[in-house]
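# A look at the structure
Now for the letters of each chain:
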Amino acid sequence: MKEVSLLFKDLLTEAVTGFAKEGGLLPGDVPEVQLERPRHEGQGDWASNIAMLMAKRLGLRPRDVAAEIVSRIGTDPHLEKIEVAGPGFINFFVTNLWVRDVLEAAVKGRENYGRSEQGKGKKVQVEFVSANPTGPLHVGHGRGAAVGDMTASLLEYAGWQVEREYYINDAGLQMNLLGQSTQARYFEILGCPEKAPFPENGYKGDYIYELAREVLERDGKVYLDVPLEESFPVFQEHAATTILEGIREDLSRFGVHFDVWFSEKSLYEKGLVDSALSFLKERGHAYEKDGALWFRTTAFGDDKDRVLVRSNGVTTYFASDVAYHKDKFDRGFDLVIDVWGADHHGYVPRMKAAVEALGKDRDALQILLIQFVNLLRGGQQVSMSTRSGEFVTLKEVLDEVGVDAARFFFAMRRCDSHLDFDLELAKKASTDNPVFYVQYAHARIQSIMREAASRKMEIPDPSSVDVDLLLEPEEKALAKRIARFPEEVEKAASELAAHRIAFFAYDLAADFHAFYNAHRVLGVEEPLSKARLCLVEATRVALTNALAILRVEAPERM
RNA sequence: GCGCCUGUAGCUCAACCGGAUAGAGCAACGGACUUCUAAUCCGUAGGUUGGAGGUUCAAGUCCUCUCAGGCGCGCCA
C-alpha cells in the first residue's frame, strides 16, 4: 500500500503547489505535504492536514483552502473519492483496486512481505543482556533479552545488517568477589570456614554452594593445603565459566543467540584501553588532576568530568566502556544500540559524550533503557537482588509460563514503561494470554489450508481472483490491516519500538478471528471461496512474518 | 537538593512527527457452536488522560509549576 500513499501524495502535492502559486505563496512557504492514517472509520484511508497548515499564511479558512485544493486534485483509478472533513482534513478513499495490490504483495512476497530497504547497506550492532557472569539471569534480564533480540530482528527486517553482541564483564571487582565467595563456601563445606572468611558483599545465593561443591568433587580437598591466593583463580575460573555457560543455555532456550560474545578482559589484553586513553589525550579530551586521569565529558554536555584512571593507577569501568565503544565504531557500525537497565540511566550523558569525543555523531549511539520488572507473586512483591541470593531466575519463569508467553509478555510493552510481572497471573493467564490468541489465529488459518488441500483446492494466484467479491466489512478490515504491515515495520524500526509489532500481530489476529466467525472460506461459491482463500493466505503471510520478527512460534495446530 | 523515567477505564496496557469521536484485553453483564478449531465472535457498561496554568486552528502528546511512584547522582561496577 506504500505505492498508493505515494501516488496520493503526488496528486496532492501537485494540487497544493498549484493553489499556492495562485495564492501568491513562495515555494519556501509551502509546508511539506504529509499523509497519515486516520484513526477512525469513515475518515478515509489516508488523510492530510495540509489545508490547516496553509490556512493561516493565506489568511483563509481551513475548510475553504481544503476545498480549493480538492478541486485541483486529478483523478486516478485507485482514488474512489475525496472528502473535506472536520476542521479541514482532506480524506482520501481508495477503490477496491488496492485489495488486489495487497494480495499480490503479500501472497507473492511471502517471507519477504513487509521487508524494507530502510537500512540497506548499513550496519547496526545491538548489544544487550550483558549481565555480569556472577549469577543466573533473572526476570529483568529476560526483559532486556526479549527487547534486544526483537529490536535486532526488527532492524534485520528493515534491511539493516545486524550483529547481536553480549559484553562479558569478566574483569574487575565483581569477578573477584565471585571467586572469593565460591572459595569461602568450599572451605565452609569442608568444615573450616575460618580459613577463608566469606567476603563482605559476597554472593550469598545457593548456587555458590553448588559451584563450590563442583570444585570439591572435581579436585577433592587439595586446596586445603594451598595458599588462598594460589587456589583463588581456580574458584574464580570455575564459577565464571559455569555461570556463563548457564547464561548461554538460558538465553538459547529463550530463543536468543548472539553473534559475538565480547570479553572485557580482552580489551585489556589487546591494549585497546590504553589506545583509547591515548586517543583522548591526543585530542585534548583528557587531563590529569589529583593524580588521576580525567575525561572532560563536560565539553560534551555531561554535568561533571569523569575519572578514567584512578590515582592508584587502576582504570575505571568507564575507561573500559569508552574503549569498548571505540572498538564498536572501529568495527564499522553505522549505528550502535545499547540495551541497558534503567538504573544505568545516569550513565547515558557520559557515554554519549564519549561517542562525540571519539568523533562520531552522538545519535550514532542509541541507548534503550529498560525499566525495571516489578516481580510479584499473587500480588505480593518479590524482592530481587543477585547478591542477597533472593531472586526468581529467568529459567524458573520459563518453566512456569513458557518461552512464547514470556517473550510476548515482554513484547507487549513499551520498554520505558515499568512492568508488573505477576507469576501467579502469568501462569493463570497462560490460557487466555495474548500470545495464544495470536497463535490460535495462525492455527486456524493452517486448519483452513489443510481442509482446502484435502478438497484439492490450491491457493489461487491473486491476479486470477475477483477482488470485487471481497466487500464485507470484516474482509476489508482484514485486508487493510495486512496492507499496513510494511508501514508498521518501518515505523517500528525507525522508532526502535519492537512492541509495535506485537500489537500489530494482535490486531491482525483480532481482524482475522472476526472475519473467521462471520464468513466461511470453504463451501461457498467458487469465485468467492477463491478470493477468500487468497485473503487468508495473505493473512498467514503477514502473521507469520510478524511472529518471525518477535521470534514467537507460529504453530500448525493447537 | 539536582537529574532521568512513569502516571490514561476497577486491573494490565496501547495511542505514528501535536490532528477529527482516547482504544484493546482482563474483571462484570447479555447473546452466538449441526458448517474451515468456541483458546473464538457479537453486544452492553466502564474516562475531566494525577492536578493547575500556558502555547496552538488543534494537546494524552509540547512548555512552566505542582502532586505521587520508580531509579540515579562515587577516584564503585
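Predicted model only: the values in this text are computed from it and were never measured.

## What to know about the overall build of chain A
Each helix and strand in chain A was counted, giving 19 helices and 14 strands. On the principal axes, the C-alpha backbone points of chain A span a range of 90 × 65 × 40 Å. Going through the 558 residues of chain A one by one, you find that 51% of them count as buried. For chain A, the share of sequence-separated contacts (at least 6 apart) that also reach a separation of at least 24 residues comes to 73%. Here chain A displays about 25600 Å² of accessible surface, and carbon together with sulfur accounts for 49% of that area. Looking at charge distribution, chain A has the averaged site of its 68 positive side-chain charges lying 2 Å from that of its 87 negative ones.

## Observations concerning the protein's contact with RNA strand B
Around RNA strand B sit 68 residues, and of these H345, Y437, Y440, S447 and K491 come closest. Sugar and phosphate atoms form 64% of the subset of RNA strand B atoms that lie within 4 Å of the protein. Within the side chain of H40, a nitrogen or oxygen atom sits 2.7 Å from a sugar or linking oxygen of RNA strand B. Contact between RNA strand B and R414: a phosphate oxygen at 2.6 Å from a main-chain N or O atom of the residue. Mapped by element, the contributors of at least two residues to the surface near RNA strand B are α2 (50-58), β3 (89-94), α6 (173-189), β8 (292-295), β14 (419-422), α16 (434-454), α17 (473-495) and α18 (499-518). Among the residues making up the surface near RNA strand B, the classes are represented as 27 nonpolar, 21 polar and 20 charged.

## Quick look at the sheet that holds strand β5 (residues 161-168)
Strand pairing in a sheet takes place through backbone hydrogen bonds and is either antiparallel or parallel in direction. On the basis of which strands lie adjacent, the open sheet formed by five strands has the order β6-β5-β4-β10-β11 and parallel pairing. Edge positions in the open sheet fall to β6 (260-263) and β11 (365-370), since each of these has one partner strand only. The sheet shows a mean angle of 25° between the axes of neighbouring strands, direction not considered. Where helix α5 (residues 139-157) meets the sheet, it contacts β4 (123-127), β5, β10 (335-341) and β11, and its direction lies at approximately 155° from that of β5. Sheet strands in contact with helix α12 (residues 348-357) are β10 and β11, and its direction is about 165° off that of β11.

## Comments concerning the layout of surface pockets
Rolled over the atoms, a probe sized like a water molecule indicates the empty space that remains. Within this model, the second largest pocket holds a volume of roughly 730 Å³. What lines the second largest pocket is a set of 27 residues, and nearest its centre among them are P38, E41, D45, K480 and R484. Sorting the residues of the lining of the second largest pocket by element identifies β3, α17 and α18 as the ones contributing at least two each. Here the element with the most residues in the lining of the second largest pocket is α17; it accounts for seven residues. By residue class, the composition of the lining of the second largest pocket is eight nonpolar, six polar and 13 charged.

## Comments concerning the nonpolar core
Grouped together as the largest cluster of nonpolar side chains are 138 residues, with contacts concentrated most on L12, M54, I69, F421 and I482. Counting 34 residues, the second largest nonpolar core, distinct from the first, contains L267, F300, F329 and L358.

## Topic: helix α19 (residues 526-550)
Taking 1.5 Å per residue as the helical rise, α19 with its 25 residues ought to reach 36 Å, and the 36 Å between its terminal C-alpha atoms agrees with that figure. The element α19 is largely enclosed, with a buried count of 20 among its 25 residues.

## Here's the deal with the pairing of β11
Relative to β11, β10 is paired through six bridges, and the arrangement is parallel. Within β11, the residue paired with G341 across the bridge is I370. In terms of handedness, the path from β10 via α12 over to β11 forms a crossover that is right-handed.

## Considering the environment of S130
As for its position among the elements, S130 is in the loop between β4 and α5. At a separation of 2.7 Å, a polar atom in the side chain of S130 contacts the side chain of E127.

## So, the pattern of salt bridges
A full pass over the atoms with the stated rule returns 35 salt bridges. Linking R455 and E451 is a salt bridge whose minimum nitrogen-to-oxygen distance equals 3.0 Å. Classification of R455 by relative accessible area gives partly exposed; the value is 41%. Ionic pairing is found between E495 and R500, a salt bridge with its closest N-O pair at 3.5 Å. Judged by its relative accessible area of 25%, R500 falls in the partly exposed class. A single salt-bridge network, built from bridges that share partners, covers D149, E156, R164, R407 and R551.

## Some thoughts on the sheet that holds strand β1 (residues 46-48)
The sheet built from three strands is open, its strands ordered β1-β3-β2 with antiparallel pairing. The outermost strands of the open sheet, each flanked by one partner alone, are β1 and β2 (79-85). Going across the sheet, the axis of each strand differs from the next one's by a mean of 20°, ignoring polarity. Pairing of β1 with β3, which is carried by three bridges, proceeds in the antiparallel orientation. In the sheet register, S48 faces β3, and the bridge partner there is I90. Running over the sheet, helix α3 (residues 62-71) touches β2 and β3 and is turned about 160° from β2.

## Considerations on the environment of G42
As for its placement among the helices and strands, G42 is situated in the loop between α1 (2-23) and β1. By relative accessible area, G42 is classed as exposed at 54%.

## Thoughts on the environment of R532
Within the secondary structure, R532 is located in helix α19. R532 gets classed as buried once you look at its relative accessible area, which sits at 6%. Those residues in contact with R532, other than ones at most four positions away along the chain, are L470, E472, E475, F515, H519, R520, V521 and V524.

Calculation notes
- Residues numbered from 1 in each chain as written.
- Chains lettered and ligands numbered in written order.
- Predicted model: local features only at pLDDT ≥ 70, side-chain atom pairs only at ≥ 80, totals over all residues.
- Heavy atoms only, no water.
- Helix = DSSP H or I, 4+ residues; strand = E, 2+ residues; numbered from the N terminus.
- Buried < 20%, exposed > 50% of the residue type's maximum accessible area, 1.4 Å probe, protein only.
- Contact = heavy atoms within 4.5 Å.
- Areas by Shrake-Rupley, 256 points an atom, 1.4 Å probe, with all protein chains shown as cover.
- Lys, Arg positive; Asp, Glu negative; His and termini not counted.
- Charge placed at Lys NZ, Arg CZ, Asp CG, Glu CD.
- Near = heavy atom within 4 Å.
- Polar contact = N/O pair within 3.5 Å; in protein donor to acceptor, adjacent residues only side chain to side chain.
- Nonpolar A, V, L, I, M, F, W, Y, C, P; charged D, E, K, R; others polar.
- Pairing = 2+ DSSP bridges.
- Axes fitted to C-alpha atoms, helices over the stretch in contact; angles between N-to-C directions.
- 1 Å grid on protein atoms, 1.4 Å probe; cavity = no way out; pocket = protein on both sides within 12 Å on 5 of 7 lines; lining within 4 Å.
- Points joined across faces, edges and corners; volume = space filled by probe spheres on them.
- Core = buried A, V, L, I, M, F, W, Y, C linked by side-chain atoms within 4.5 Å.
- Expected span 1.5 Å × (residues − 1).
- Right-handed = clockwise from strand over helix to strand, strands pointing away.
- Salt bridge = Lys/Arg side-chain N within 4 Å of Asp/Glu carboxyl O.

Without other data, these values stay purely geometric and don't point to any function.
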